[in-house]
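Close look at the chain arrangement
Listed below, chain by chain, are the residues.
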Amino acid sequence: MKQVLGDGSLFEKMERHIAAQKATAKTVREWDEKRAVKRMSPVIYAAALAAASKEDEAARLSIVMHKPADRNESDRKLEYIAAYILTTQAALDPREMQVIEEVADG
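In short, a report on the structure.

Rules used throughout
- Residues numbered from 1 in each chain as written.
- Predicted model: local features only at pLDDT ≥ 70, side-chain atom pairs only at ≥ 80, totals over all residues.
- Heavy atoms only, no water.
- Core = buried A, V, L, I, M, F, W, Y, C linked by side-chain atoms within 4.5 Å.
- Buried < 20%, exposed > 50% of the residue type's maximum accessible area, 1.4 Å probe, protein only.
- Helix = DSSP H or I, 4+ residues; strand = E, 2+ residues; numbered from the N terminus.
- Contact = heavy atoms within 4.5 Å.
- Phe/Tyr/Trp six-rings, centres within 6.5 Å; stacked < 30°, edge-to-face > 60°.
- Lys NZ or Arg CZ within 6 Å of the ring centre and 35° of its normal.
- Polar contact = N/O pair within 3.5 Å; in protein donor to acceptor, adjacent residues only side chain to side chain.

Leu10, Met14, Ile63, Val64, Tyr80, Ile81, Leu92, Val99 and Ile100 form the largest nonpolar core, which has 9 residues in total. Sorting the residues of this core by element identifies α1 (10-37), α2 (42-65), α3 (71-88) and α4 (94-105) as the ones contributing at least two each. Residues contacting Val99, with those up to four places away along its chain left out, are Val64, Met65 and Lys77.

Let us now look at the packing of aromatic side chains. We describe a pair of aromatic rings using the distance from one ring centre to the other and the angle between the two ring planes. Under the criterion given, the structure shown has 0 aromatic pairs. The residue whose ring lies beneath Lys34 is Trp31, and the NZ or CZ to ring-centre distance is 4.3 Å. In this structure, Arg35 packs its charged tip against the face of Tyr45, placed 4.1 Å from the ring centre.

With respect to the secondary-structure elements, Glu33 resides in helix α1. You can call Glu33 exposed: its relative accessible area is 54%. Between the C-alpha atom of Glu33 and that of Ala46, which follows or precedes it by 13 residues, the distance is 14 Å.

What follows concerns the side chain of Arg60. Relative to the helices and strands, Arg60 is located in helix α2. Take Arg60: its relative accessible area is 11%, and that puts it in the buried class. For Arg60, the side chain forms a polar contact with the side chain of Glu96, separated by 2.7 Å. Residues contacting Arg60, with those up to four places away along its chain left out, are His17, Tyr84, Leu92 and Glu96.

Printed below as a string of structure tokens:
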């Protein structure tokens, strides 16, 4: 049975997110190799990449929505999200930012 992404400790959620990021990167490499070898519809390529990134997004969102148990866990969550943003140069949507601000104000 597949585990619900909202379940588990912050550490488990981080581990799932890292695994999902690695799986997404692997899928991107595989599909890029397929595209290099043969002609491929951009629509099929985009659909494959979108499907691969859904688990990554869900895992990241479970971390953003995680309610820290204490100040130490709150700090770890903020550090992880900050590292994610700096590494990927991604942006959080306004709802996610509101959740993060609440944790920071904690």
